[in-house]
Amino acid sequence: MRLEKSSQDVQAELKNAQSLLLLNFVSEQRLIAAQPATSRSQALRVLLAIPRVAERRSRQLVPMFLSWVRNREILENLDFKSISSRSDWTRKDQKALLDLFSLFTNPKVLYRSEDVYVALLTLLANGDADIQKSALKAILAWKSTSMKPY
């Protein structure tokens, strides 16, 4: 009786195979979000591989960097208990952006390069040693005459 029951089940599955497959397909189908959560990280990884593209598109990259640094300065000047939202930049993304600035061949031609240089100087006073190290590498990319001996 068990064999007959299992054979009937198999026959029923074979008859309804197309509808079962479509049902499984629809249930497993998920729409991908329009903007993935890690899109900034992915974009920074791509730009780290080809920094000359980021250097050419500095008009789009520099305002994001300056907003992140200014947000950091505002947070340091205020009392932390009164702050409701902090920067959405992860520490890894911040370091990746600083590493990207250190890979530029001629950072003096960047959009608002003086502001970027001053922002990097303020990041040297950051409490995180990795951020300080990345900021110093980015500053050394400027190849100023006073730093060339070092």
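These numbers come from a predicted model, not from an experiment.

A separate point is a nonpolar patch on the surface. A cluster of nonpolar side chains, Leu121, Leu124, Leu136 and Leu140, forms an exposed patch at the surface whose accessible area comes to about 300 Å². By secondary structure assignment, the location of Leu121 is in helix α7 (residues 113-123).

One finds Phe65, Phe101, Leu120 and Leu123 to be the most contacted residues of the largest nonpolar core, which totals 26 residues. The set of elements that each furnish at least two residues to this core consists of α3 (39-49), α5 (58-77), α6 (91-102), α7 and α8 (129-140). Looking at this core element by element, the count peaks at six residues for α5. Residues contacting Phe101, with those up to four places away along its chain left out, are Val62, Phe65, Leu110, Val116, Ala138 and Ala141.

Counting through the fold element by element, Ser113 comes out in helix α7. According to the relative accessible area criterion, Ser113 is buried, its value standing at 7%.

Glancing now at the confidence of the model for the protein. Per-residue confidence for the protein averages 81 on the pLDDT scale, and 84% of its residues sit at or above 70. α5 is the least confidently modelled element of the protein, averaging 76 in pLDDT, while helix α1 (residues 2-15) averages 90, the highest of any element.

This brings us to the pattern of salt bridges. Two side chains carrying opposite charge are able to pair once their charged atoms lie near each other. As enumerated under the stated definition, the model contains four salt bridges in all. Its salt-bridge partner being Arg91, residue Asp128 comes within 3.4 Å of it at the nearest N-O pair. Of this pair, Asp128 sits in the loop between α7 and α8 while Arg91 sits in helix α6, placing them 37 residues apart in sequence. Judged by its relative accessible area of 37%, Arg91 falls in the partly exposed class. Measuring nitrogen to oxygen at the nearest pair gives 3.2 Å for the salt bridge that ties Asp130 to Lys95. Separated by 35 residues along the polypeptide, Asp130 in helix α8 and Lys95 in helix α6 bring together distant segments of the chain. Residue Lys95 is classed as partly exposed on the basis of its relative accessible area of 23%.

Looking now at the packing of aromatic side chains. Aromatic rings considered in pairs are described by the distance between their centres and by the relative angle of their planes. This model, assessed by the stated rule, comprises four aromatic pairs. Residues Phe65 and Trp68 carry aromatic rings whose centres are separated by 5.7 Å and whose planes lie at 50° to one another, so their mutual orientation is tilted. On the criterion of helical spacing, the pair formed by Phe65 and Trp68 is a turn pair, its members being three residues apart in helix α5. Across this residue pair, the class does not change: Phe65 and Trp68 are buried. In this structure an aromatic cluster arises from ring pairing among Phe65, Trp68, Phe101 and Phe104.

Attention shifts here to the environment of Asp130. A relative accessible area of 35% places Asp130 in the partly exposed class. Along the chain, Asp130 and Lys95 lie 35 residues apart, while their C-alpha atoms are 7.3 Å from each other. A polar contact is formed between the side chain of Asp130 and the side chain of Lys95, at a distance of 3.2 Å.

Cut-offs applied
Counting restarts for each chain: residues are numbered from 1 in the order of the written sequence. Reporting in this predicted model follows two pLDDT cut-offs: at least 70 for local features of residues, and 80 or more for side-chain atom pairs to be given and counted; totals over whole chains, interfaces and linings ignore these cut-offs and use all residues. Side-chain numbers here rest on the full set of heavy atoms in the structure, without hydrogens or water. Patch construction takes residues with relative accessible area above 30% that form no salt bridge. Like charges are linked within 9 Å, and nonpolar side chains (Val, Leu, Ile, Met, Phe, Trp, Tyr) are linked within 5 Å. For the area figures, the Shrake-Rupley method with a 1.4 Å probe applies, and any residue is considered shielded solely by the protein chains shown. Salt bridges are counted wherever a side-chain nitrogen of Lys or Arg sits within 4 Å of a carboxyl oxygen of Asp or Glu. A helix here means a DSSP run of H or I that spans at least four residues, while a strand means a run of E at least two residues long, and both kinds are numbered starting from the N terminus. Each nonpolar core is a collection of buried residues, namely Ala, Val, Leu, Ile, Met, Phe, Trp, Tyr and Cys, held together in the definition by side-chain atoms within 4.5 Å. Partly exposed describes any residue whose relative accessible area lies between the buried limit of under 20% and the exposed limit of over 50%, with all areas from a 1.4 Å probe on protein chains only and scaled to the type maximum. Whether two residues are in contact is decided by their heavy atoms: any pair within 4.5 Å suffices. How sure the predictor is of each residue is captured by pLDDT, a score from 0 to 100. Each Phe, Tyr or Trp ring, with Trp reduced to its six-membered ring, pairs with another whose centre is within 6.5 Å; inter-plane angles below 30 degrees give stacked pairs, above 60 give edge-to-face pairs, and intermediate values give tilted ones. Between N or O atoms, a polar contact is any pair within 3.5 Å; within protein, one atom must be a potential hydrogen donor and the other a potential acceptor, and residues adjacent in sequence are included only when both atoms are from side chains.

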